[in-house]
Amino acid sequence: MKKEKTNLPETTSLRQKAEEHLRKNRRSEILSLNEGDALKLLHELEVHQIELEMQGEELRMARDEEKEATDKYNELYDFALTGHFTIDSTGKIYQLNLSAATMLGTERAKLVGKDFKQFVTMDSMSDFSLFFHRVIVNDQKQTSEIKLKVVGNTAIHVLIEGISLDDDEKYQIRVIDITKQKRAEQLLKFKTMELEQYNEMMEFNDGQLVSLKKEINLLLMKLGENEKFEMDE
């Protein structure tokens with residue numbers, strides 16, 4: 001049986017001719033460029049390269065500025081004197097600063113993921129629930145006074161401020177420890193009550209003293225003696 005002839009060598013030859021033709025055309029196009037065109041092309045390439053370098057430098061500077069701003073924000077956030085919490089609509093703590101962790105007497109890492117409500121005292125729970133509801137449904141800052149439970153210590157009085165963040169269902173809670181202020185207010189209230197009681201007692205004693213003077217004068221008169229005490233009209 002005779003073998004069929006193949007066209008592979010012929011096809012390969014045509015491909016080689018086509019590639020050679022393409023190379024010649026490209027070489028002729030390059031050679032046809034005059035000196036002015038070549039200089040213009042070189043200038044455009046150099047300008048484009050400088051533009052890319054400038055854009056890269058601007059991006060680098062922008063990243064540096066963003067990093068610097070982020071670092072400053074983180075520093076201010078962490079070392080702020082007031083406590084800052086970021087929580088979701090269920091009260092889960094996503095983020096908090098060092099002051100917030102110090103207030104609760106627990107390491108910051110152990111507080112992430114906890115429910116903020118578990119640190120609210122029972123007698124403050126209704127006030128906190130009302131406050132947090134207002135934070136969720138309003139865009140304006142909301143405030144309230146509650147008490148928080150502190151690990152290994154008594155409860156602390158705090159002023160809380162809350163506002164919704166741009167992030168979906170995230171809320172910023174600012175906590176200010178006002179325990180000393182509350183104690184001062186309670187002491188002032190106690191001292192005021194003491195003063196009022198003292199004044200009432202003095203008024204009562206003054207009344208008793210007047211009655212006693214009258215009785216002594218009356219007895220002196222019965223004995224034919226002159227009155228000893230002058231009585232105010």
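Residues numbered from 1 in each chain as written. Predicted model: local features only at pLDDT ≥ 70, side-chain atom pairs only at ≥ 80, totals over all residues. Heavy atoms only, no water.

**Student:** How should helix H5 (residues 125-137) be read in this particular structure?
**Tutor:** An α-helix turns once per 3.6 residues; consequently, residues spaced three or four apart project the same way. In this model H5 runs 18 Å from its N-terminal to its C-terminal C-alpha over 13 residues, within 8% of the 18 Å that 1.5 Å per residue would give. Among the residues of H5, those classed as buried are Phe128, Phe131, Phe132 and Val135. Buried positions in H5, seen along its axis, are confined to an arc of 95° and lie on one side of it. Across from the buried face of H5, at angles greater than 90 degrees, the exposed residues are Ser126, Leu130 and Val137. Looking at the buried residues of H5, the elements they touch are strand E1 (83-88), strand E3 (142-148), strand E4 (156-164) and strand E5 (170-177). (Helix = DSSP H or I, 4+ residues; strand = E, 2+ residues; numbered from the N terminus. Expected span 1.5 Å × (residues − 1). Buried < 20%, exposed > 50% of the residue type's maximum accessible area, 1.4 Å probe, protein only. Arc of directions from axis to C-beta. Contact = heavy atoms within 4.5 Å.)

**Student:** Would you mind going over the nonpolar core with me for this structure?
**Tutor:** Grouped burial of nonpolar side chains is what soluble globular proteins tend to show. Formed by 25 residues in total, the largest nonpolar core has its most connected members in Phe85, Ile87, Phe116, Phe128, Leu148 and Val175. Looking at this core, the elements that each hand over two or more residues are E1, strand E2 (93-96), helix H3 (98-104), H5, E3, E4 and E5. (Core = buried A, V, L, I, M, F, W, Y, C linked by side-chain atoms within 4.5 Å.)

**Student:** Hey, could you run me through the pairing of E2 in this one?
**Tutor:** Regular strands place their side chains on alternate faces of the sheet. Bridging between E1 and E2 involves 3 bridges; their strand directions are antiparallel. Looking at E2, one finds that Ile87 is bridged to Ile93. Between E1 and the antiparallel strand that follows it, E2, lie 4 residues; Gly91 among them carries a positive phi value of about 95°. (Pairing = 2+ DSSP bridges.)

**Student:** Sorry, what's going on with the environment of Asp88 here?
**Tutor:** Summarising the element assignment, Asp88 is placed in strand E1. By relative accessible area, Asp88 is classed as buried at 11%. When the C-alpha atoms of Asp88 and Tyr171 are compared, they prove to be 6.0 Å apart, with 83 residues separating the residues in sequence. If sequence neighbours within four positions are ignored, Asp88 has contacts with Tyr94, Phe132, Glu169, Lys170 and Tyr171.

Worth remembering: the numbers are spatial, not functional.
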